[in-house]
Amino acid sequence: MIRSELIQIIADDNPHLFQRDVERIVNTVFEEITEAMAKGERVELRGFGAFSVKQRDARLGRNPRTGAAVSVASKRVPFFKTGKLLRDRLNGKS
Amino acid sequence: MSDKTLTRMELSEAVFREVGLSRNESAELVETVLSLMSDALVRGEQVKISSFGTFSVRDKNARIGRNPKTGEEVPITRRRVLTFRPSHLMKERVSTGKRA
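Residues numbered from 1 in each chain as written. Chains lettered and ligands numbered in written order. Predicted model: local features only at pLDDT ≥ 70, side-chain atom pairs only at ≥ 80, totals over all residues. Heavy atoms only, no water.

Peer 1: How should the pattern of salt bridges be read in this particular structure?
Peer 2: When their charged atoms lie close together, side chains carrying opposite charge are able to pair. Evaluated as defined, the whole model comprises twelve salt bridges over all chains. Between Glu13 of chain B and Arg23 of chain B there is a salt bridge; the shortest N-O distance is 3.0 Å. Remark: Arg23 of chain B occurs in helix H2 (residues 23-42) and Glu13 of chain B occurs in helix H1 (residues 8-19); sequence separation between them is ten residues. We classify Glu13 of chain B as partly exposed; its relative accessible area is 28%. Judged by its relative accessible area of 49%, Arg23 of chain B falls in the partly exposed class. Ionic contacts of the salt-bridge type, sharing partners, join the residues Glu31 and Glu35 of chain A together with Arg93 of chain B into one network. (Salt bridge = Lys/Arg side-chain N within 4 Å of Asp/Glu carboxyl O. Helix = DSSP H or I, 4+ residues; strand = E, 2+ residues; numbered from the N terminus. Buried < 20%, exposed > 50% of the residue type's maximum accessible area, 1.4 Å probe, protein only.)

See the structure below:
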């Protein structure tokens, strides 16, 4: 399933909404999540999962081809943890 | 990291502000987005949201685990797990803390 399919299903199920509004709804949801994480915030969607940001410290990496040491700056990375309900559903429970 | 947490409430509030539907309907639509994604994943489909990221379902084989505290062996049955791979755009925005 891709973004446009998600939009299409919702538009088909909600004939009273304009297609462009459905697009804005779906885009807003993902944009809000990204925006929150860019600010270092957590997004907790019970049953679905939680998005959070993890801090990776600076480290000395190595170019695997040449073996040369390169310093890797500290950075923040997005992280997702599946919610319990969805995890159970994926495994045929509930 | 900031300890502020967003929930469904903030997402539906954003939809309410952006689109101008009722608060109730905004909340329902946020829920619809999440459940359509969940349903697709439960069917084993990949969910690919451009400039956001990709959710995919992977099969894990059974293996013998170990309770790290007691050293006791525990069987772990085969199961399906969900992984999220953030898009380059998201990684970049999160790593620098910059807005789009």
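Still more to cover.
Peer 1: I tried to follow the packing of helix H2 (residues 19-38) of chain A against H2 of chain B on my own but got confused; where do I start?
Peer 2: Each pair of packed helices can be summarised by the angle the axes make with each other and by the distance between the axes. Running from amino to carboxyl end, H2 of chain A crosses H2 of chain B at an angle of 75°, the nearest separation of the two axes being 10 Å. Classified by the angle their axes make, H2 of chain A and H2 of chain B are roughly perpendicular. Contact residues: Ile25, Val26, Val29 and Phe30 of chain A in H2 of chain A; Leu29, Val30, Val33 and Met37 of chain B in H2 of chain B. In terms of residue class, the contact of H2 of chain A with H2 of chain B is made up of eight nonpolar, no polar and no charged. (Axes fitted to C-alpha atoms, helices over the stretch in contact; angles between N-to-C directions. Parallel < 35°, antiparallel > 145°, perpendicular 65-115°, else oblique. Contact = heavy atoms within 4.5 Å. Nonpolar A, V, L, I, M, F, W, Y, C, P; charged D, E, K, R; others polar.)

Peer 1: What exactly am I supposed to notice about the layout of surface pockets here?
Peer 2: Over the atoms, a rolled probe matching the size of one water molecule traces out where space is still vacant. Its boundaries defined by the atoms lining it, the largest pocket holds a volume of some 520 Å³. If you go around the largest pocket, you meet 22 residues; those closest to its centre are Phe80, Lys81 and Thr82 of chain A together with Val81 and Leu82 of chain B. When residues of the lining of the largest pocket are traced back to their parent elements, those giving at least two are strand S5 (75-82) and helix H3 (84-90) of chain A together with strand S6 (79-86) of chain B. With seven residues, S6 of chain B is the single largest residue contributor to the lining of the largest pocket. (1 Å grid on protein atoms, 1.4 Å probe; cavity = no way out; pocket = protein on both sides within 12 Å on 5 of 7 lines; lining within 4 Å. Points joined across faces, edges and corners; volume = space filled by probe spheres on them.)

Peer 1: Mind showing me how you'd approach unusual backbone geometry here?
Peer 2: Glycine aside, negative phi is the norm for most residues, and most peptide bonds take the trans geometry. Residues and elements named next belong to chain B. Despite not being glycine, Ser51 has its phi angle at roughly 60°, a positive value. Looking at where Ser51 falls in the secondary structure, it is placed in the loop between strand S2 (47-49) and strand S3 (53-60). By relative accessible area, Ser51 is classed as partly exposed at 41%.

Peer 1: Help me understand the interface of chain B and chain A in this model?
Peer 2: How large an interface is tends to be reported as the accessible area lost when its parts come together. Counting residues at the interface gives 52 residues for chain B and 45 residues for chain A. Between chain B and chain A lies a buried interface of about 4,600 Å² when both sides are counted; carbon and sulfur atoms form 67% of it. At the boundary of chain B and chain A, one finds five salt bridges. Between Arg24 of chain A and Glu18 of chain B there is a salt bridge, and its shortest N-O distance comes to 4.0 Å. There are 16 residue pairs in polar contact (both at pLDDT 80 or more) connecting chain B and chain A. (Buried area = accessible area lost by both parts, 1.4 Å probe. Polar contact = N/O pair within 3.5 Å; in protein donor to acceptor, adjacent residues only side chain to side chain.)

Peer 1: Is there a simple way to think about the packing of aromatic side chains in this case?
Peer 2: Centre-to-centre distance and the angle between the planes together describe a pair of aromatic rings. According to the stated counting rule, one finds twelve aromatic pairs over all chains in the structure shown. Ring geometry for Phe80 of chain A versus Phe55 of chain B: centroids 5.3 Å apart, planes at 85°, classification edge-to-face. Here Phe55 of chain B lies in strand S3 and Phe80 of chain A lies in strand S5, a pairing that spans two chains. You'll find Phe80 of chain A and Phe55 of chain B in the same group, each marked buried. Ring pairs connect the aromatic residues Phe30, Phe48, Phe51 and Phe80 of chain A together with Phe52, Phe55 and Phe84 of chain B, which therefore count as one cluster. Between the NZ or CZ atom of Arg20 of chain A and the centre of the ring of Phe18 of chain A, over which it lies, the distance is 4.8 Å. Taking NZ or CZ as reference, Lys54 of chain A lies 3.9 Å from the ring centre of Phe79 of chain A, over its face. (Phe/Tyr/Trp six-rings, centres within 6.5 Å; stacked < 30°, edge-to-face > 60°. Lys NZ or Arg CZ within 6 Å of the ring centre and 35° of its normal.)

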